[in-house]
Amino acid sequence: RFSGNNFEIIIIDDGSPDGTQEVAEQLERIYGSDKILLRPRPSKLGLGTAYIHGMKHATGNFIVIMDADLSHHVSWYFIKQKEGNFDIVSGTRYKGNGGVYGWDLKRKLISRGANFLTQVLLRPGASDLTGSFRLYRKEVLQKLMEKCVSKGYVFQMEMIVRARQLGYTIGEVPITFVDRVYGESKLGGNEIVSFLKGLLTLFATT
């Protein structure tokens, strides 16, 4: 039990070369397959399909989605959800005492610039669209997955934009994003170009 809630941890690994699957297998042996559910896939198939793959195995009423690279720390998401009976609770680096730690100036500028563009073009009603640390009602996540068509980093943005269109309520929790302790970020030139293309597509279609 975590904070009075029954939980399960579902780990989706797309053939990562950093040893994620081996560590997950060790955790599964320690804590049991009822708590640690390893659901690997043979290759990188995209963030959206990873969500769908994970949802198939989730048994709870709420789903918290986060990276498994120690960038995030589970926070007051369930408390916030209960406060406003929100459909979605999203972590934000750009509100209250939220922020980032461990990033160089270049990555901070890229992140700030991306968030600024999304706010100007999409007017989403949320302060941080590119973060992945979120809590969803399971049925809300399922509905959003039916609507979203984007891939990669843009997928996170589309989830919030579609949620606004469908009238779902969104609460925000300020978080301090700590850069990953192990491994390296996969953010590169190709991802940035894909982000810009996806952003323009969302702007034109929403």
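Residues numbered from 1 in each chain as written. Predicted model: local features only at pLDDT ≥ 70, side-chain atom pairs only at ≥ 80, totals over all residues. Heavy atoms only, no water.

An unreviewed UniProt entry annotates the chain as Dolichol-phosphate mannosyltransferase subunit 1 originating from Centropus bengalensis. Listed in UniProt under the heading Function (unreviewed entry), the comment for the chain reads: "Transfers mannose from GDP-mannose to dolichol monophosphate to form dolichol phosphate mannose (Dol-P-Man) which is the mannosyl donor in pathways leading to N-glycosylation, glycosyl phosphatidylinositol membrane anchoring, and O-mannosylation of proteins; catalytic subunit of the dolichol-phosphate mannose (DPM) synthase complex." Word for word, the UniProt comment on the chain under Catalytic activity (unreviewed entry) is "a di-trans,poly-cis-dolichyl phosphate + GDP-alpha-D-mannose = a di-trans,poly-cis-dolichyl beta-D-mannosyl phosphate + GDP". (UniProt positions renumbered as here; feature names shortened; annotations may be inferred.)

Asks: Explain the sheet that holds strand 7 (residues 170-174) to me, please; I cannot follow it from the model alone.
Replies: Across a sheet, paired strands are connected by hydrogen bonds in the backbone, their directions being either parallel or antiparallel. On the basis of which strands lie adjacent, the open sheet formed by four strands has the order 3-6-4-7 and mixed pairing. The sheet is open, and its two borders are formed by strand 3 (62-65) and strand 7, each paired with just one other strand. Averaged over all pairs of adjacent strands, the angle between their axes in this sheet comes to 20°, without regard to strand direction. In this structure, strand 4 (residues 88-92) lies alongside strand 6 (residues 134-137), joined through three bridges in antiparallel fashion. (Pairing = 2+ DSSP bridges. Helix = DSSP H or I, 4+ residues; strand = E, 2+ residues; numbered from the N terminus. Axes fitted to C-alpha atoms, helices over the stretch in contact; angles between N-to-C directions.)

Asks: Explain the pattern of salt bridges to me, please; I cannot follow it from the model alone.
Replies: Opposite charge on two side chains lets them pair, provided their charged atoms get close. For the coordinates displayed, the defined rule picks out seven salt bridges. Of the charged contacts, one joins Asp-14 and Arg-41 as a salt bridge, the two residues approaching to 2.7 Å between their closest N and O atoms. Placement of Asp-14 in the loop between strand 1 (9-11) and helix 1 (20-31) and of Arg-41 in the loop between strand 2 (36-38) and helix 2 (47-55) is noted, with a sequence separation of 27 residues between them. The exposure classification of Asp-14 matches that of Arg-41, with both residues buried. Note that Arg-93 is salt-bridged to Asp-128, the shortest N-O span being 2.7 Å. (Salt bridge = Lys/Arg side-chain N within 4 Å of Asp/Glu carboxyl O. Buried < 20%, exposed > 50% of the residue type's maximum accessible area, 1.4 Å probe, protein only.)

Asks: Just checking my understanding: could you explain the packing of aromatic side chains for this structure?
Replies: The way to describe two aromatic rings as a pair is by their centre distance and the angle between their planes. In the structure shown here, the tally under the stated rule is three aromatic pairs. Measuring from ring centre to ring centre gives 5.0 Å for Tyr-51 and Phe-155, while their planes differ by 85°; the resulting arrangement is edge-to-face. With Tyr-51 in helix 2 and Phe-155 in helix 6 (residues 154-165), this residue pair connects regions lying 104 residues apart in the sequence. Over the face of the ring belonging to Phe-7 we find Lys-35, whose NZ or CZ atom lies 4.8 Å from the ring centre. (Phe/Tyr/Trp six-rings, centres within 6.5 Å; stacked < 30°, edge-to-face > 60°. Lys NZ or Arg CZ within 6 Å of the ring centre and 35° of its normal.)

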